[in-house]
Each structure stands twice: as structure tokens, then as C-alpha cells.
Amino acid sequence: MTSRMALASSIWPRSGGDRRNSSLITAAGPRRGNIASSVALGERSLGGEPRGSAGAVVASDGSLRVVFDHRLLAVSVDDQVLWQVELPTERVTSRPVALDDGCCLVGLDDAFVVYDREGILLERFHGPSEFSLDNSGLSPNLTHGGSLISTSAIGVCGARCGEQWCEIEGLLGYDIVPPAVFDDDTLAFAAYAGTGYCRVHASGEQVWVAGFEDADLLPTISRDQRSAVGSLNDRCSRIFDSGGACLGTFNEPSTFAEYPDGGWIALFDGGLARLSGDGEVCWRVEASVSRHWGVQPIVDRD
């Protein structure tokens, strides 16, 4: 198994949709809330509650890779479970990542595992420290150069370079969720209660620090390299240009999806809003929705 990984060329290879966490897909979305089909994933574990993270991504051939109740499953485009495997731990901490060679990566409490297209375990390797990995439930991210980025609740972050982990030095904070990746392979981190929102190289060398110290929600980058991130403590979200200057503030802690015109859709507790690229509110609606760590709105091509 090569240590350099690339995302699958599909519409949804990881949570967030792509390296930028743009949550913008190239396909047309549903126009009605009807269920077109369903797949039985098997019985839940004792107690009736799924164990660990759950979620699905799309492989290069259009099939799904699903983490559910301590298992990894492959589901075909015609709704058949192709295979399923028990994951080798009691604690699954991430949604899967579909890779371009048909393999799939999943984060566990203390390690990462990689399965091939047939469900055979190819590799298991530990993170950059003895501490637990990120438990937000989000997919870890990959750089364009093929490095795996690991984050954690206690702030130890690393990039897997070759067969070794390189710590992302100088990044201070905790409850750090997976970063978004800029086009030049620098990383947008929400390093809560420390460095704050920042753009850094995988080595830790800073490009800029925004001065938004309590940013803690998942960052999103647009195609023009603007970025959006929320802060629960500050009860707001901010939009930044590619140089780290604040363009605007939205008075709700939100997660984001990029809108096709370069603006944003913000998801917050109790509603949705459409914002311009600079953060001005175009419309806002109240809805029975809840923003969780791993939940973003999804925008389709239309």
C-alpha cells in the first residue's frame, strides 16, 4: 500500500465533498423529498444504537462505502450490499474516505485502516502521537500531494509524509476538526482556543493567522479561495479572503457550503441562510434543523 493517497474521482469521496469542504456537488439534486430506494444495512448492535461514527461516500465507480455500527460496507449502484467487514476496534471515529484506486480509508480511535475494493484489509497504521485521533466523525483530509492530515481533540496534528508522520508544528489549540485544503496545498485550520483560524503549510509554517481565536467549526474554502468558518463561543461566523482579511461577519455560528455563484449557504441551529461571497445576507429562513460538528448543508449544481 502506497503512503501517498489521492481522493476518488467521484461526486462525494469524503465528508465535506472534497478537499475544500465545499459541500458543493456537480450532480443535479432531488427536487422532491421522496425516497427513491433503500438498502438494509443489517441489525444494530445490542441496545439498538449504532456504535461510533456513521456516514457514506461515493467511490470512483459510483458505488458507496458506508460506515455504520462498527462495520464498513460496499453498496452497489443497484442497491446491493457487495461486502461488509467488521472494523477492528470498538470505536470508529471518522466517516470513510474513498481513494482513487478503489481503496477506502477509515479513522479509528488510535489508528487508520485501509481496505481494498474487495473489502480486504491492506494496512493499519497509528496516528502521529499516542493520543486519540479526532472524534468529530468527519472524514480526515488529504492534500493534493497525497499526504494524509490527522487531527485530534487535544491538538496534536500531523501530515503523513512517506511512511512517517510529520507533526504540524506551532499549531496550538484543541478540538481541532479536519482542515480544508487550499489549491496550493496549504491548510485552513480552526485551532480553537489557541492559534485560532489560520492558514499554514503542512510543516506548520504560517501563511497567516486571522485573529479569530475561538473558531472551532469546520472551515470551508470556495473556488476563489475565500473561506468561511464559525465560532460557538463568539456566536458568529466570518468570511475571509485568501490573504486572511475578514470580509464579513454573519451573526450565527454556522457550517457552510459553497454556492455556485461564489456565495455561501450557512447552516445554523434553527435555520439556513444564503450569503454573498463577502458574507452579506441574501435570505434567511427558519427551519427545524440543527448544526452538529459533522453536519453541513449540501448544494447541488443547480
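Preceding this paragraph is the structure being described.
What you see is a predicted model, and the numbers here were worked out from it, not measured in a lab.

**As for the sheet that holds strand β18 (residues 227–231)**
Turning to step 1, where the next piece is worked out: Read from one edge of the open sheet, 4 strands run β17-β18-β19-β20, paired in antiparallel fashion. This sheet does not close on itself; its edge strands, each paired only once, are β17 (220–221) and β20 (246–250).
Turning to step 2, where the next piece is worked out: One ladder, built from 2 bridges, connects β17 with β18; its direction is antiparallel. Each residue of the ladder has a partner; that of T220, found in β18, is A228.

**Details of the sheet that holds strand β22 (residues 264–268)**
Turning to step 1, where the next piece is worked out: On the basis of which strands lie adjacent, the open sheet formed by 4 strands has the order β21-β22-β23-β24 and antiparallel pairing. A strand with exactly one partner marks an edge of an open sheet, and here the two such strands are β21 (255–258) and β24 (281–286). If you compare each strand with its neighbour and ignore which way they point, the axes differ by 20° on average.
Turning to step 2, where the next piece is worked out: Pairing analysis gives 4 bridges linking β21 to β22, with the strands arranged antiparallel. From the neighbouring strand, A257 faces β22, where its bridge partner is I265.

**Thoughts on the pairing of strand β4 (residues 81–86)**
Remember that side chains alternate between the two faces of the sheet whenever the strand is regular.
Turning to step 1, where the next piece is worked out: Here 5 bridges tie strand β3 (residues 71–75) to β4, and the two strands are oriented antiparallel to one another. By the bridge assignment, R71 is partnered in β4 with E86.
Turning to step 2, where the next piece is worked out: Where β3 hands over to β4, the hairpin turn is made up of 5 residues, of which D79 adopts a positive phi near 70°.

**Overview of the packing of aromatic side chains**
Working definition: an aromatic ring pair is given by the centre-to-centre distance plus the angle between the planes.
Turning to step 1, where the next piece is worked out: Inspection of every chain in the model, using the stated rule, returns 10 aromatic pairs.
Turning to step 2, where the next piece is worked out: Here the basic side chain of R160 rests over the ring of F125, its NZ or CZ set 3.7 Å away from the ring centre.
Turning to step 3, where the next piece is worked out: The ring of F182 carries the charged tip of R199 above its face, separated from the ring centre by 3.7 Å.

**Regarding the pairing of strand β19 (residues 236–240)**
Turning to step 1, where the next piece is worked out: A large share of β19 lies buried, amounting to 4 of its 5 residues.
Turning to step 2, where the next piece is worked out: Joining the antiparallel neighbours β18 and β19 is a turn of 4 residues, in which R235 adopts a positive phi near 55°.
Turning to step 3, where the next piece is worked out: Pairing of β19 with β20 involves 4 bridges; the strand directions are antiparallel. Each bridged residue has a counterpart across the sheet, and for F240 the counterpart in β20 is C246.
Turning to step 4, where the next piece is worked out: Following β19, the chain reverses through 5 residues before pairing antiparallel with β20; G244 in that reversal takes a positive phi of roughly 95°.

Reading the values: rules and limits
Residues numbered from 1 in each chain as written. Predicted model: local features only at pLDDT ≥ 70, side-chain atom pairs only at ≥ 80, totals over all residues. Heavy atoms only, no water. Pairing = 2+ DSSP bridges. Helix = DSSP H or I, 4+ residues; strand = E, 2+ residues; numbered from the N terminus. Axes fitted to C-alpha atoms, helices over the stretch in contact; angles between N-to-C directions. Phe/Tyr/Trp six-rings, centres within 6.5 Å; stacked < 30°, edge-to-face > 60°. Lys NZ or Arg CZ within 6 Å of the ring centre and 35° of its normal. Buried < 20%, exposed > 50% of the residue type's maximum accessible area, 1.4 Å probe, protein only.

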